[in-house]
Amino acid sequence: MNENKFLNTDSGSGSVETAIKPLPFKDPNFIHSSIGGAAAGKKNRTWKNLKQILASERALPWQLNDPSYFNIDAPPSFKPAKKYSDISGLPANYTDPQSKLRFSTIEEFAYIRMLPSDVVTGYLALRKATSIVS
């Protein structure tokens, strides 16, 4: 690539040459990875599936506390848990104070108020709520 490009403009009185500066973020020696490949002497990347990764990890000398794909443990999240409607599963912004069921729309609230107490208890048991209304 030639960095010294010129733009010729003819404006009635004569020709003026202005230099176009190269872009500062563009590397003039960049060669795209798809250009060349095995024909250019570059080794193509081979993709490994999870089974191959696990087999290669078993062969490595791991310590007991080193993370691997076998023990994916994450610390507790700092964000609060999202609350979802017990009826529709949509994100719930509201909780019925009488039955403690979560809901997202007015129609769900009206439906919750018509439910018998044993169905409300079933919904709370599904959510594993600690305060089950009796």
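Rules of the game
Residues numbered from 1 in each chain as written. Predicted model: local features only at pLDDT ≥ 70, side-chain atom pairs only at ≥ 80, totals over all residues. Heavy atoms only, no water. Helix = DSSP H or I, 4+ residues; strand = E, 2+ residues; numbered from the N terminus. Buried < 20%, exposed > 50% of the residue type's maximum accessible area, 1.4 Å probe, protein only. Lys, Arg positive; Asp, Glu negative; His and termini not counted. Salt bridge = Lys/Arg side-chain N within 4 Å of Asp/Glu carboxyl O. Polar contact = N/O pair within 3.5 Å; in protein donor to acceptor, adjacent residues only side chain to side chain. Contact = heavy atoms within 4.5 Å. UniProt positions renumbered as here; feature names shortened; annotations may be inferred. Phe/Tyr/Trp six-rings, centres within 6.5 Å; stacked < 30°, edge-to-face > 60°.

Chemist: Got a sec to walk through the side chain of Glu108? Specific residues and values, please.
Modeler: Note on placement: Glu108 falls in helix α2 (residues 106–114). Of the side chains bearing the opposite charge, Arg102 lies closest to the buried Glu108, which forms no salt bridge; the N-O distance is 11 Å. Here Ser88 takes part through its side chain, which lies 2.5 Å from a polar atom of the side chain of Glu108. Residues contacting Glu108, with those up to four places away along its chain left out, are Ser85, Ile87, Ser88 and Phe103.

Chemist: Can you break down the UniProt feature "domain: Vps72/YL1 C-terminal" (unreviewed entry) in the protein chain residue by residue, with the values?
Modeler: When the UniProt feature table is mapped to this numbering, "domain: Vps72/YL1 C-terminal" (unreviewed entry) covers residues 83–112. Secondary structure across residues 83–112 comprises 23% helix and 13% strand; the distance between its end C-alpha atoms is 17 Å.

Chemist: So, the pattern of salt bridges: which residues are in play, and what are the values?
Modeler: Considering all chains together, one arrives at two salt bridges under this definition. The shortest N-O distance in the salt bridge between Asp86 and Arg127 comes to 3.5 Å. One end of the pair, Asp86, is in the loop between α1 (50–59) and β3 (94–95); the other, Arg127, is in helix α3 (residues 117–127), and 41 residues separate them in sequence. Overall, Arg127 belongs to the partly exposed group, its relative accessible area being 23%.

Chemist: Mind laying out the side chain of Asp96, listing which residues take part and the relevant values?
Modeler: Position of Asp96 relative to the elements: it lies in the loop between β3 and β4 (102–103). Among the residues examined, Asp96 registers a relative accessible area of 1% and is labelled buried. Residue contacts for Asp96: discarding those within four places in its chain leaves Leu101, Phe103, Phe109, Ile112 and Arg113.

Chemist: Before we move on, could you go through the packing of aromatic side chains and cite the residues and values that matter?
Modeler: Evaluated as defined, the whole model comprises two aromatic pairs. Taking the centre distance of 5.0 Å and the plane angle of 40° together, the rings of Phe103 and Phe109 count as tilted. Given a relative accessible area of 9%, Phe103 falls into the buried group. A connected cluster of aromatic rings, assembled from ring pairs, spans Tyr94, Phe103 and Phe109.

Chemist: Can you lay out unusual backbone geometry for me, pointing to particular residues and giving the numbers?
Modeler: Located in the positive-phi region is Lys100, a residue other than glycine, with phi close to 65°. Owing to a relative accessible area of 37%, Lys100 belongs among the partly exposed residues under this scheme. Residues other than glycine seldom take positive phi values, yet Lys128 does so here, at roughly 60°. Within the element layout of this structure, Lys128 appears in the segment after α3.

Chemist: Go over the environment of Ser85, please, and point to the residues and values.
Modeler: Within the secondary structure layout, Ser85 lies in the loop between α1 and β3. Given the relative accessible area of 6%, Ser85 is considered buried. Considering only alpha carbons, one finds Ser85 and Glu108, 23 residues apart in sequence, at a separation of 8.7 Å. Excluding anything up to four places from it in sequence, Ser85 contacts Leu90, Ala92, Arg102, Phe103, Ser104 and Glu108. At 3.3 Å, the side chain of Ser85 forms a polar contact with the backbone nitrogen of Ser88.

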